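Survey of secondary and tertiary structure
Next come the chains, spelled out residue by residue.
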Amino acid sequence: MSTYERHLLKDQRIVSKYKMQKIERKHLTLRTRIKRLQRKTNCFSKISPMHDLVIGLYINKYEFQRKI
């Protein structure tokens with residue numbers, strides 16, 4: 001808890017099961033939609049910039065509704 005106290009003001013800290021579930025759901029959706037993050041298969045790339053590019057495209061498409 002001391003980490004949160006150092007970086008966030010007391011009124012900014014929120015303990016909420018609902019908010020945590022939303023975050024976990026978003027992470028699961030990200031892993032499900034981008035199979036390359038789940039396991040090393042044919043779609044797994046060893047190059048980090050490729051992972052960054054695919055994650056960036058995913059976020060732009062599904063979070064900001066931008067056409068790719």
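This section reports on the structure supplied with the text. (Residues numbered from 1 in each chain as written. Predicted model: local features only at pLDDT ≥ 70, side-chain atom pairs only at ≥ 80, totals over all residues. Heavy atoms only, no water.)

**Comments concerning the overall build of the chain**
Along its length, the chain carries three helices and zero strands. Each helix and strand of the chain, placed in order from N terminus to C terminus, yields the pattern α-α-α. Of the roughly 6500 Å² of accessible surface on the chain, a fraction of 56% belongs to carbon and sulfur atoms. (Helix = DSSP H or I, 4+ residues; strand = E, 2+ residues; numbered from the N terminus. Areas by Shrake-Rupley, 256 points an atom, 1.4 Å probe, with all protein chains shown as cover.)

**What about a nonpolar patch on the surface?**
Judged by side-chain polarity, Ile47, Met50, Leu53 and Leu57 come together as a nonpolar surface patch covering roughly 340 Å² of accessible area. Turning to its location among the elements, Leu57 is positioned in helix α3 (residues 48-62). (Patch = residues over 30% accessible without salt bridge, like charges linked within 9 Å, V, L, I, M, F, W, Y side chains within 5 Å. Salt bridge = Lys/Arg side-chain N within 4 Å of Asp/Glu carboxyl O.)

**A few points about α3**
With 15 residues, α3 extends 21 Å from end C-alpha to end C-alpha; this agrees with the ideal 21 Å at 1.5 Å per step. Along α3, the positions that sit buried rather than exposed are His51, Val54 and Tyr58. Projected onto a plane normal to the axis of α3, the buried residues spread over an arc of 70° and lie on a single side. With respect to the buried face of α3, the exposed residues turned more than 90 degrees away are Pro49 and Asp52. (Expected span 1.5 Å × (residues − 1). Buried < 20%, exposed > 50% of the residue type's maximum accessible area, 1.4 Å probe, protein only. Arc of directions from axis to C-beta.)

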